[in-house]
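Close look at the chain arrangement
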Amino acid sequence: MALPLAEAFTARSLGVMWDNYKKTLGTAPYLGRQKFGTRKQDSLDLRFIKGKNGLPVSLKASNFDAQAELRDVGGFSDIQNKMPFYRESYMVTEEEEQEYDNYRSAENSTLANQVLREISKKPMMLIEGARVVPERQIWQLLAPTDGVPRVKINIGDKPFYIDYLADSEKEEHKANHYKTFTGTSAWDKSATATPLDDLITARRDFAKATGYSLTRFTMNTETWEMVLKAEDTKKQVLGITAYNGGIRLQQGQVTEYLRGYGIEIEVYDKLYVDESGQTQYFVPTGIVSAQSAGVFLGDYTFGKTPEERSGSITDGNLSLVETGVSVYTYATNHPINTHCIVSMIGLPTFEGMDSVMVLKVKED
């Protein structure tokens, strides 16, 4: 006979189920999470030090036997934020519990296991939703549409912003780390746009200004297709003779061409559904995020949720998945329901923000 629901539907069993369920999804890991490290802490406060580590400043000449001039090392920012809290729940209805119990008592208890799997899929969806949060936050820092790295959260219908720059720093940051292409230069103007030259020039100018060498250029398929459709791209890659001969351009030819200039293209098309029910790219259309190789970008930091503080792994009503996502189960006496809560507290640090550049290649 199958176990009673109170014993079968626990946070511990859901945690084990999640590990197995994740393997069946067959989806590629989130790209943004691969670019950031992971850490866990108890505090809600996120604090990190960002230094400007671009071009080295030449050592000054000095006289012998003279006091060494003290260098002003400056250029450090102490960034502090409160990490946001995310939480949703799922309730097993009395009708679902009754259906499970009916099959549990029947001779063919495998039907009870099928009902249990269906009931448990809904908490799996909540965990999948929790995994979206870090990825969404990371790309809000790496690919902001307005060039200002900050994390937007919505509580109810009201938006809140977690800033990574002081108001006085935002315009300077945009001047050095954000470039827009408008009019005939916009990439959706295939007859006049020059996207290959734009990427190569942006990389060269950024290295000259900051000392960072942009290597990985991330965009979604819609943006990448603008590169491929540009008439100038076809001419540059194929050559004028092949272009006039109507030879079809292949994606691999363009990526190989750019690789010769030290540029690696990352086409990233993962989607999520936002609070309003709209499907969104993590990397918006018309935005290119360029990151420098070998630079530490930051850590995704998980905090300790209320459920983690009060739940019990021993009793089976608490499970931690994905490093910092809490799965918590409990029952109510009236009405008689079983509940599952999935919660997380988290925010990325962004020590490497000075090594990132954003290109806005299409007008709104």
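The following paragraphs examine the structure supplied in this document. All residue numbers here refer to positions counted from 1 along the written sequence of the relevant chain. Where local features are concerned, this predicted model is filtered to residues with pLDDT of at least 70; where side-chain atom pairs are given and counted, the filter is 80 or more; whole-chain, interface and lining totals use all residues. Side-chain metrics rest on all non-hydrogen atoms present in the structure, leaving aside hydrogens and water.

**Some details on the overall build of the chain**
Filter applied, for reference: Secondary structure counts use DSSP, requiring at least four H or I residues in a row for a helix and at least two E residues in a row for a strand, with both numbered from the N terminus. C-alpha atoms define the radius of gyration, and 2.2 Å times the number of residues to the power 0.38 defines the globule rule. Contacts between residues were defined by any pair of non-hydrogen atoms, one from each residue, lying within 4.5 Å. Only the protein chains shown count as cover for residues, and all accessible areas are computed by the Shrake-Rupley method using a 1.4 Å probe. Under this rule, positive means Lys or Arg and negative means Asp or Glu; His and the chain ends count for nothing. Where a charge lies is defined by one atom per residue type: Lys uses NZ, Arg uses CZ, Asp uses CG and Glu uses CD.
Along its length, the chain carries 12 helices and 17 strands. For 364 residues, the compact-globule estimate of 2.2 N^0.38 gives 21 Å, and the chain exceeds it by more than 25% at 26 Å. Expressed along its principal axes, the backbone C-alpha trace of the chain runs to roughly 85 × 70 × 35 Å. In the chain, 77% of the contacts between residues at least 6 apart in sequence involve partners at least 24 apart. Summed over all atoms, the accessible surface of the chain reaches about 19,600 Å², with 49% contributed by carbon and sulfur. Computed over 41 positive and 49 negative side-chain charges, the separation of the two mean positions in the chain equals 4 Å.

**Things to note about the packing of aromatic side chains**
Each pair of aromatic rings is reported with the distance of its centres and the angle of its planes. We apply this condition: To pair, rings of Phe, Tyr and Trp, with the six-membered ring standing in for Trp, must have centres within 6.5 Å; the planes then decide the type, stacked if under 30 degrees apart, edge-to-face if over 60, and tilted in the middle. Only protein chains enter the area calculation, which uses a 1.4 Å probe; residues under 20% of their type maximum are buried, those over 50% are exposed, and those in between are partly exposed. Both a distance and an angle decide whether a charge sits over a ring: NZ of Lys or CZ of Arg must be within 6 Å of the ring centre and within 35 degrees of the ring normal.
For the structure on display, the rule yields 10 aromatic pairs. Ring geometry for W139 and Y268: centres 5.7 Å apart, planes at 35 degrees, overall tilted. Of this pair, W139 sits in helix α5 (residues 110–142) while Y268 sits in the loop between β9 (264–267) and β10 (271–273), placing them 129 residues apart in sequence. Of the two residues examined, W139 and Y268, each falls in the buried class. Centroid distance F181 to W187: 6.4 Å. Interplanar angle 35 degrees. Geometry classified as tilted. Here the two residues F181 and W187 agree in accessibility, since each one is buried. Grouping aromatic residues by their ring pairs yields a cluster made of Y30, W139, Y268, Y272 and F282. The ring of Y161 has R150 lying over it, and the distance from NZ or CZ to the ring centre is 4.1 Å.

**What to know about the packing of helix α4 (residues 94–105) against α5**
Two packed helices can be described by the angle between their axes and the distance between those axes. Put simply, the test is: Whenever a helix is involved, its axis is fitted only over the stretch in contact; in every case the axis is a line through C-alpha atoms, and angles between N-to-C directions fall within 0 to 180 degrees. For classification purposes, an angle smaller than 35 degrees is called roughly parallel, one larger than 145 roughly antiparallel, one from 65 to 115 roughly perpendicular, and anything else oblique. Here a crossing is taken to be left-handed if its near helix is turned anticlockwise relative to the far helix by less than a right angle, and right-handed if that turn runs clockwise.
The N-to-C vectors of α4 and α5 enclose an angle of 155 degrees; their axes lie 7 Å apart at closest approach. For the element pair α4 / α5, the angle class is roughly antiparallel. Handedness of the α4/α5 crossing: left-handed. Here E96, E99, Y100, Y103 and R104 of α4 come into contact with α5, specifically with L111, A112, V115, L116, I119 and K122.

**Comments concerning the sheet that holds strand β17 (residues 356–360)**
Backbone hydrogen bonds are what pair the strands of a sheet, in a parallel or an antiparallel way. The test is simple: Two strands qualify as a pair provided DSSP detects at least 2 bridges between them.
Strand order in the open sheet formed by five strands is β7-β17-β12-β8-β9, with mixed pairing between adjacent strands. Two strands bound the open sheet, and with one partner strand each, they are β7 (178–180) and β9. Between one strand and the next, the sheet's axes are offset by a mean angle of 20 degrees, whatever the strand orientation. Pairing of β7 with β17 involves three bridges; the strand directions are parallel. In the strand pairing of β17, Y178 is matched with V358. Packed on one face of the sheet, helix α6 (residues 167–177) meets β7 and β17 and runs near 65 degrees to β7.

**A short note on empty space enclosed by the protein**
Over the atoms rolls a probe the size of a water molecule, and its path tells where empty space is left. In plain terms, the rule: A 1.4 Å probe that fits but cannot get out identifies a cavity on a 1 Å grid over protein atoms alone, an open set with protein on both sides within 12 Å along at least five of seven lines counts as a pocket, and a residue lines either if it has an atom within 4 Å of a point. Grid points are joined across faces, edges and corners, and a volume is the space filled by probe spheres set on the points.
Using the criterion set out here, one finds one cavity of 30 Å³ or more in the structure. By volume, the largest cavity is sized at about 60 Å³. Along its surface, the largest cavity is lined by L141, P144, G147, P149, H173, H177, F350, M353, V356, M357 and V358. Elements supplying a minimum of two residues to the lining of the largest cavity: α6 and β17.

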